[in-house]
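# A closer look at the structure
Here is what each chain is made of, one letter per residue.
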Amino acid sequence: MSSRLNLDEEVRLYTTNAEREKYGLLATLFGIVVSLEYLERAYVRDSVSASEYSPACTRLLSQYKTMLKLVSDDVPSIEQFMARYRMDHQAALHRIQVGVPATVEHSSEAGPETAKWVAETTQNFITFVDALKLRMRAKDQLHPILQELVTSYARFKGSKDWEGRSKMVGWLITLNGMKASEELTEEQARQISFDIEHAYAEFFRSLSGKDGGS
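Heads up: these notes are all about the structure in this document. (Residues numbered from 1 in each chain as written. Predicted model: local features only at pLDDT ≥ 70, side-chain atom pairs only at ≥ 80, totals over all residues. Heavy atoms only, no water.)

## Comments concerning helix H1 (residues 17–44)
- For H1, spanning 28 residues, the distance from its first C-alpha to its last is 41 Å, which sits close to the expected 40 Å at 1.5 Å a residue.
- Buried within H1 we find Leu25, Leu26, Leu29, Ile32, Val33, Val34, Leu36, Glu37, Leu39, Glu40 and Ala42.
- In the core, the buried residues of H1 are packed alongside helix H2 (50–70), helix H3 (78–84) and helix H4 (90–98).
- Of the residues trailing H1, Asp46 is marked for its positive phi of about 65°. (Helix = DSSP H or I, 4+ residues; strand = E, 2+ residues; numbered from the N terminus. Expected span 1.5 Å × (residues − 1). Buried < 20%, exposed > 50% of the residue type's maximum accessible area, 1.4 Å probe, protein only. Contact = heavy atoms within 4.5 Å.)

## Some words on the side chain of Lys139
- Here Lys139 is to be found in helix H7 (residues 139–153).
- Here Lys139 is buried and forms no salt bridge, its nearest opposite-charge partner Glu182 lying at an N-O distance of 7.9 Å.
- Separated by 3.2 Å, the side chain of Lys139 and the backbone oxygen of Asn176 make a polar contact.
- Sequence-distant contacts of Lys139, that is, excluding residues within four places in its chain, are made with Pro144, Leu175, Asn176, Met178, Lys179, Ala180 and Glu182. (Lys, Arg positive; Asp, Glu negative; His and termini not counted. Salt bridge = Lys/Arg side-chain N within 4 Å of Asp/Glu carboxyl O. Polar contact = N/O pair within 3.5 Å; in protein donor to acceptor, adjacent residues only side chain to side chain.)

Put into structure tokens, the structure is as follows:
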């Protein structure tokens, strides 16, 4: 007796956990490219402001870079990946190739070096926030990341007047006074997360305001 085909049965792309993980990562990469495409289109149509667009775009670009490393064995290049899955997302591809948000790319004051600083500082913000989300609390885990963030942040002339700078320097001092293995309390972790997120938003508001006044 031959078995009947069940049309309602889910077709599995994988038979092992490793294959399941691979397809999950590829699906995530696909989603990031699609999200970036919609974000680019929304920005061009003025559906999102520069202050909303810049951090969202930078985070997607950062996530893209992380995902590409994880699927490098299966994805030699983003162009090949998009061709394989028939993705006609030219705006996303251009943004990926440029590597920085359009607000930085088209800023009259942002030369190649400034664009590089913005990208590095944004990446440092994201790295520190992600470290807190991963529940890193010890001085020897957080201090080097925060020190790098403050260093890149201080390159910008206007940063001395930004509220976020004094907050971050204050946390550097706090961490510097701790033993290497000593950890922040949960209350401190919540406060530093709040302060860093605030500084991150202030950073992009300042850049967007500068662009708007060009």
